Amino acid sequence: MGYKYVFGPVFSGRIGRSLGLDLLGSRVCSMDCVYCEVGKTDILTSERKAYVPAAEILQELEQWKGEGHLLPDFITLGGLGEPTLNSDMPEIIRGVKKLFPSMNVAVLTNASTMTDPEVRRELLEADVVLPSMDSLIASEFRAINRPCKGTDPLAIARALIEFRKEFKGKIFLEVLLSRGYNDSDENLQKMKEFSAELGPDRVDVVTLSRPGTLDKAGPVDSATLGHWKKVLDAAPFKNRDCGQETGVKERSGTDNPARVQADKSDAFDRIQASLMRRPQTAQQLAGALEITLGEVDLALKKLEKNGRLHVRQTGDEFYYDCRLGDDT
Ligand code: SF4
């Protein structure tokens with residue numbers, strides 16, 4: 001069946017093969033980052049509410065489970081915006097764990113809501129939290145992340161340090177560098193001090209490798225990236241799109257004992273849903289969704305015919321995406 005809120009799995013360089021849950025259903029975020037892969041934020045807000053009710057997401061996930069797909073390494077809360085804005089998040093995490101008792105649950109977050117103690121308390125139920133922090137200099141932070149008015153990067157940093165004191169799971173901090181936005185020496189020094197105090201389980205320093213919201217937002221060169229990685233003691237990071245060891249708990253493999261051959265007839269819907277959340281190459285789609293390149297090719301052609309497909313070349317790679325609202 002086609003899904004509105006379950007997408008992927010996708011291969012993530014940070015956590016491996018991950019099935020995504022979209023907690024927003026549309027581009028709702030507390031930031032409008034220049035590098036965002038899902039496109040420009042439509043609703044810039046810090047208001048928390050049940051943008052997608054837990055029951056709807058969990059119903060889809062139960063359906064997905066019943067289809068007997070190969071289990072991913074993670075189920076990740078993310079989607080078209082900032083997942084912690086969904087006030088049903090704790091119910092969703094508990095529901096995922098009920099359906100898949102030994103599954104790792106990850107939450108991707110820009111961390112802006114973590115200044116709220118209630119959000120920090122809710123996130124304690126996750127296994128891995130992946131906060132991003134791109135700059136601790138207010139002017140840089142505003143330029144690259146374009147957050148809701150009044151968002152203070154130093155308050156977010158303090159909130160993350162508070163969270164670290166209680167959280168028993170793992171924190172993978174991400175710093176995304178964009179040339180001219182946040183690659184200053186002053187920021188590097190501040191990030192170094194912050195990271196030393198936070199003590200994340202891993203730091204991932206990355207740069208743009210896929211199309212973002214603004215064309216002028218470009219990647220830093222490899223020397224800059226290497227320097228930042230060294231100073232921040234970042235994890236070796238070969239490629240954002242290949243799996244790597246995460247050090248989190250092993251799944252028992254019993255979450256889906258009645259595994260059957262997944263139905264391939266829904267390949268088009270799965271490809272479309274995945275490309276709405278993340279630009280990917282044909283090879284990445286085929287690998288993550290366990291379908292053939294031929295099936296991917298057919299789906300891409302159909303999307304192109306419908307006028308929904310965007311393609312951008314980065315280096316030698318062609319990235320495809322179909323963003324929300326293309327057909328409206
Ligand atoms: S990158 Fe994340 S935090 Fe930034 S606008 Fe996109 S969804 Fe929001």
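What counts and what doesn't
Residues numbered from 1 in each chain as written. Predicted model: local features only at pLDDT ≥ 70, side-chain atom pairs only at ≥ 80, totals over all residues. Heavy atoms only, no water. Helix = DSSP H or I, 4+ residues; strand = E, 2+ residues; numbered from the N terminus. Buried < 20%, exposed > 50% of the residue type's maximum accessible area, 1.4 Å probe, protein only. Contact = heavy atoms within 4.5 Å. Salt bridge = Lys/Arg side-chain N within 4 Å of Asp/Glu carboxyl O. Pairing = 2+ DSSP bridges. Axes fitted to C-alpha atoms, helices over the stretch in contact; angles between N-to-C directions. Expected span 1.5 Å × (residues − 1). Polar contact = N/O pair within 3.5 Å; in protein donor to acceptor, adjacent residues only side chain to side chain. Parallel < 35°, antiparallel > 145°, perpendicular 65-115°, else oblique. Left-handed = near helix turned anticlockwise from the far one by under 90°. Nonpolar A, V, L, I, M, F, W, Y, C, P; charged D, E, K, R; others polar. Disulfide = S-S within 2.5 Å. Phe/Tyr/Trp six-rings, centres within 6.5 Å; stacked < 30°, edge-to-face > 60°. Lys NZ or Arg CZ within 6 Å of the ring centre and 35° of its normal.

Enquirer: Looking at this structure, I do not really get the overall build of the protein. What am I missing?
Expert: Per the secondary structure count, the protein includes ten helices and eleven strands. With 328 residues in all, the protein has 58% of them scored as buried. The contacts in the protein between residues at least 6 apart in sequence include a share of 78% that link residues at least 24 apart.

Enquirer: Any chance you could explain the pattern of salt bridges here in plain terms?
Expert: Where charged atoms of side chains with opposite charge meet at close range, the side chains can pair. Taken as a whole, this structure holds 13 salt bridges when the rule is applied. Asp32 serves as the salt-bridge partner of Arg146, at 3.6 Å between the closest nitrogen and oxygen. With Arg146 in the loop between α4 (138-145) and α5 (153-166) and Asp32 in the loop between β3 (28-29) and β4 (43-44), this residue pair connects regions lying 114 residues apart in the sequence. Among the salt bridges present, the one from Lys97 reaches Asp127, with a minimum N-O distance of 2.9 Å. With Lys97 in helix α2 (residues 89-99) and Asp127 in the loop between α3 (117-123) and β7 (128-131), this residue pair connects regions lying 30 residues apart in the sequence. When its relative accessible area of 16% is taken as the criterion, Asp127 is described as buried. Sharing partners across several salt bridges, the network here consists of Arg14, Glu174, Arg202 and Asp204.

Enquirer: Hey, could you run me through the sheet that holds strand β2 (residues 16-22) in this one?
Expert: Pairing between sheet strands relies on hydrogen bonds along the backbone, with the strands arranged either parallel or antiparallel. One open sheet holds the seven strands; their spatial order is β1-β2-β5-β6-β7-β8-β9, and the pairing between them is mixed. Only two strands of the sheet have a single partner each, and these edge strands are β1 (6-12) and β9 (202-207). The mean angle between the axes of side-by-side strands here comes to 25°, regardless of whether they run parallel or antiparallel. Direction of pairing for β7 relative to strand β8 (residues 170-177): parallel, over a ladder of two bridges. Bridge pairing in β8 links Val128 to Lys170.

Enquirer: Would you explain α5 in this entry?
Expert: For an α-helix, the turn length of 3.6 residues means that residues three or four places apart are oriented alike. Its 14 residues place the ends of α5 21 Å apart at the C-alpha level, agreeing with the 20 Å of an ideal helix rising 1.5 Å per residue. Within α5, burial applies to Pro153, Ile156, Ala157, Ala159, Leu160, Ile161, Phe163 and Arg164. Contacts from the buried residues of α5 go to α3, β7, α4, β8 and α6 (185-198). Here α5 starts with a cap whose side-chain oxygen sits 2.9 Å from the backbone nitrogen of Leu154, and that cap is Asp152.

Enquirer: Can you help me understand the packing of α5 against α6 in this one?
Expert: Packed helices, taken two at a time, are described by the angle their axes make and the gap between the axes. Interaxial distance between α5 and α6 falls to 9 Å at its minimum, and their mutual angle equals 20°. Our classification of the angle between α5 and α6 gives roughly parallel. As for how α5 packs across α6, the hand of that crossing is right-handed. Contacts between α5 and α6 involve Ala157, Leu160, Ile161 and Arg164 from the former and Phe194, Glu197 and Leu198 from the latter. Looking at the contact of α5 with α6 residue by residue, the classes come out as five nonpolar, no polar and two charged.

Enquirer: Looking at this model, I keep getting lost on the state of the cysteines. Mind explaining?
Expert: One way to say it: the disulfide is the covalent bond shared by the sulfur atoms of two cysteines. For the coordinates displayed, the defined rule picks out zero disulfides. Not engaged in a disulfide, the cysteine Cys148 finds its nearest cysteine sulfur in Cys29; these two sulfurs lie 8.0 Å apart.

Enquirer: Could you clarify how one ought to interpret the packing of aromatic side chains in this entry?
Expert: Under the definition given, this model contains two aromatic pairs. One cation-aromatic arrangement involves Lys65 over Phe100; the distance from NZ or CZ to the ring centre is 5.4 Å. One residue, Lys302, lies across the ring of Phe268, its end atom 4.1 Å from the ring centre.

Enquirer: Just to check I follow, could you spell out unusual backbone geometry for this structure?
Expert: The omega torsion across Gly8 and Pro9 is 5°, close enough to zero to call that bond cis. The topology assignment puts Pro9 in strand β1. The backbone of Ala111 shows a phi angle near 70°, a positive value even though the residue is not glycine. By secondary structure assignment, the location of Ala111 is in the loop between β6 (104-109) and α3. Ala111 gets classed as buried once you look at its relative accessible area, which sits at 0%. At Arg146, a residue that is not glycine, the phi angle is positive and equals roughly 40°. Relative accessible area serves as the criterion here: at 25%, Arg146 is assigned to the partly exposed category.

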